[in-house]
Amino acid sequence: MSAKRVAVVGGGISGLVSIKTCLEEGFEPVCFEQTDQYGGIWVIRDEKPSGPCPGARMYDCLITNSSKEMMCFSDFPFDADAPPYLRGDQLLSYYQAYAKRFGLERFIRLNTTVKTVEQSHDFEQSGRWRVRSQMVGREEQEETFDAVFICTGRYSSQHIPNVSGMADFSGKIMHSGGFKNGREFANKTVVVVGGSHSAGDVAVDVSRYAKQTYLSMRSGTWVLPRQGPASTPLDAFMNRRVFGYLPVNLTRNLFKAHVSQRMNLDALGLQSSRPLLRTTSVMVNDEIGIRIWCGALKAKPNIAKFTVDGVLFDDGSSIDHVDAVVFATGFQHKFPFLDESILKHDQPDPELYWHVFPPRLARHTMAIIGIVGTIGAQGPVFELQARLAARVFKGKVTLPSEKAMLMDVQKRKARYHHVYGNQKVFFPPTSYMDMLASKMGCRPAFLDLLKTDLSLAFKFIFGSNHPMFYRLVGPHAWAGARDAIMRAPGNTTNPTKTRTCVAQRVEKESFFHIFHKLMAFVAMIAFVLVAML
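In this text the structure is predicted, and so the values were computed from the model without any measurement. (Residues numbered from 1 in each chain as written. Predicted model: local features only at pLDDT ≥ 70, side-chain atom pairs only at ≥ 80, totals over all residues. Heavy atoms only, no water.)

## A short note on the overall build of the protein chain
Our working rule: Counting from the N terminus, the helices are DSSP H or I runs at least four residues long and the strands are E runs at least two residues long. In this description the radius of gyration comes from C-alpha coordinates, and the expected globular size is given by 2.2 Å times residues to the power 0.38. We call a residue buried when its accessible area falls under 20% of the maximum for its residue type, exposed when it is over 50%, and partly exposed in between, using a 1.4 Å probe and counting protein chains only. Areas reported here follow the Shrake-Rupley algorithm with a probe of radius 1.4 Å; residue values treat only the protein chains shown as occluding.
Helix and strand counts for the protein chain stand at 15 helices and 22 strands. Relative to a compact globule of 533 residues, whose C-alpha radius of gyration would be 24 Å, the protein chain shows 24 Å and is just as compact. Judged by the C-alpha coordinates and their principal axes, the protein chain covers about 70 × 65 × 45 Å. When each of the 533 residues of the protein chain is scored for burial, the buried share is 53%. Looking at the protein chain as shown, the accessible area adds up to about 24,000 Å², and 52% of this sits on carbon and sulfur atoms.

What follows is the structure, given as structure tokens:
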């Protein structure tokens, strides 16, 4: 029997893991990438994004929001000497090394745009898809595939809200997806709009060059440092299974206390009107406080309207002689090659079962990979989505009825709206990753670990949820997973120890460290007792 041919639309991060997953399952992948390089938004370009769905490009000052041991793929850790947080060019090199290590490049067709993805005439029986594409300088061609991964990502189409008076504004209006660096705004007055990561990055970088920079936010933001308690990367501290067993209010207060120790958000004018973990306005940024302290950056409320040469804010204050407004207001999901009967466009929360599968298809041979937002690293989430989708395509995992899937979709939509007050898909990754892994049998069982490997069992519950945990067991397990998990803490700290320091008096442990140890001890006793029953 011939191998299934699978189309992969997009050669970014979700596309790369989808190609590799196809190879693991014995499929024949064909990846369509419309640009001249694979790597998605991490490709460094001088030109601004263009085309029917202009996405984002890498800006010069970018540093990853997630630490390397949390954002690596499950069977391809970063080099031990790589820094805990990486620049954009370093991350692109990692993804290129990943593609070379697993032989993915030969399956990627560069400079090839997908025009349409349509069901074949016998779709209800075969589940096949007709893909029409065009490579630069060549004629269109149509091919038939047994399944399709849609991997165009979360950053395919820039979103700029329609604000009153915008058409009459004499200054420059742009989206952060086209931002390169702050030098182009030297000696100008600039307003940056948004409350998440890119808004903070752009505002800080522009404030180094501009005459004055303002950050306009609808409801404020929670600014999180990269460094967590005891110098642990914050994402490695937050994304632990043990927090899932604690009351949400307790977890929230722990994180709030850490943030408050580092920065007085109210005094800086940044404080969110919504509780931490109940808002999508979260910004990982280590410099915004000092930029406000030195006066180069000022926080402002939402823009109510534009004037000819300035902006008026919700609180009645205004700024005249504004040279530029940069909207760091996110992106829309667009799938111009898909009919809306398959997947609706411009939806902040597309109708997808497990955020992957269009539930209304007669045959489940399409998967949408990489359009969720998480409080933490996203690459490992996309990898698990692709691995599960491939198991579904292979018939190893069966999806429930359309009715059951639609009920699950509505339940998730209602939950996000209740938590965040909007329909944006945004969540802590660990419980979602565990669910996907359980469906395909690659989530380790705690009691099994407890019986065979006590130190690994402890890390599984109380340690950081490293992606390598999902390669310990199940399909396509990796023999090096345990070693990579055990080495991860050292790989985080050792690269920064470039100077031998004289030992000092041991300081008193922080509240967070003491609480974490106490919590770990009590919980471990409870787990052992449960296991013995």
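Alright, that's what it looks like, and here's the rest.
## Focus: the pattern of salt bridges
Rules: A pair is scored as a salt bridge if a Lys or Arg side-chain nitrogen falls within 4 Å of a carboxyl oxygen belonging to Asp or Glu.
For the structure on display, the rule yields 28 salt bridges. Put simply, E25 and R391 hold a salt bridge, and the shortest N to O gap is 3.1 Å. Taken together, the residues span a long stretch of sequence, with E25 in the loop between α1 (13-24) and β2 (28-32) and R391 in helix α9 (residues 379-393) at a distance of 366 residues. A single burial state applies to E25 and to R391, both of which are buried.

## Remarks on the sheet that holds strand β9 (residues 172-175)
To keep it simple, the criterion reads: DSSP-based pairing: two strands are paired if at least 2 bridges between them are found. Helix axes are fitted only over the stretch in contact, all axes being lines through C-alpha atoms; the angle between N-to-C directions runs from 0 to 180 degrees.
Spatially, β9-β18-β10-β11-β14 is the arrangement adopted by the five strands of the open sheet, whose pairing is parallel. The open sheet has two edge strands with one neighbour each: β9 and β14 (297-300). Neighbouring strand axes in the sheet, compared pairwise and without regard to direction, differ in orientation by 20° on average. Summarising the sheet, strand β10 (residues 189-193) and strand β18 (residues 324-327) pair through four bridges and their orientation is parallel. From the neighbouring strand, V192 faces β18, where its bridge partner is V326.

## Concerning the side chain of Q378
The following threshold applies: In the analysis that follows, any N or O atom pair within 3.5 Å is treated as a polar contact, provided that within protein one partner can donate a hydrogen and the other can accept it, and provided that, for residues neighboring in sequence, both atoms belong to side chains.
On the secondary structure map, Q378 appears in the loop between β21 (373-374) and α9. Within polar-contact distance, the side chain of Q378 engages the side chain of R154 at 3.3 Å.

## With respect to unusual backbone geometry
Not every positive phi belongs to a glycine, and N187 is a case in point at roughly 65°. Looking at the secondary structure, you find N187 in the loop between β9 and β10. Residue N187 is classed as exposed on the basis of its relative accessible area, which comes to 63%.

## Re the pairing of β10
Spelled out, the test is: Look down the strands so they point away from you; if going from the first strand over the helix to the second traces a clockwise path, that crossover is right-handed.
With respect to burial, β10 is a largely interior element, five of its five residues being buried. Residue alternation in β10 divides its side chains into two sets, T189, V191 and V193 and V190 and V192, and both sets are buried. Relative to strand β11 (residues 212-216), β10 is paired through five bridges, and the arrangement is parallel. Paired with V193 across the bridge in β11 is S216. Of the crossover connections in this fold, the one passing from β10 over helix α5 (residues 197-207) to the parallel β11 is right-handed.

## Brief notes about the environment of T35
The condition that has to hold: Two residues form a contact once any of their heavy atoms are found within 4.5 Å.
Residue position: T35 is located in the loop between β2 and α2 (68-71). With 84 residues separating them in the primary sequence, T35 and Q119 have C-alpha atoms 25 Å apart. Excluding anything up to four places from it in sequence, T35 contacts R45, L110 and N111. A polar contact of 2.6 Å, which involves the side chain of T35, links it to the side chain of E33.

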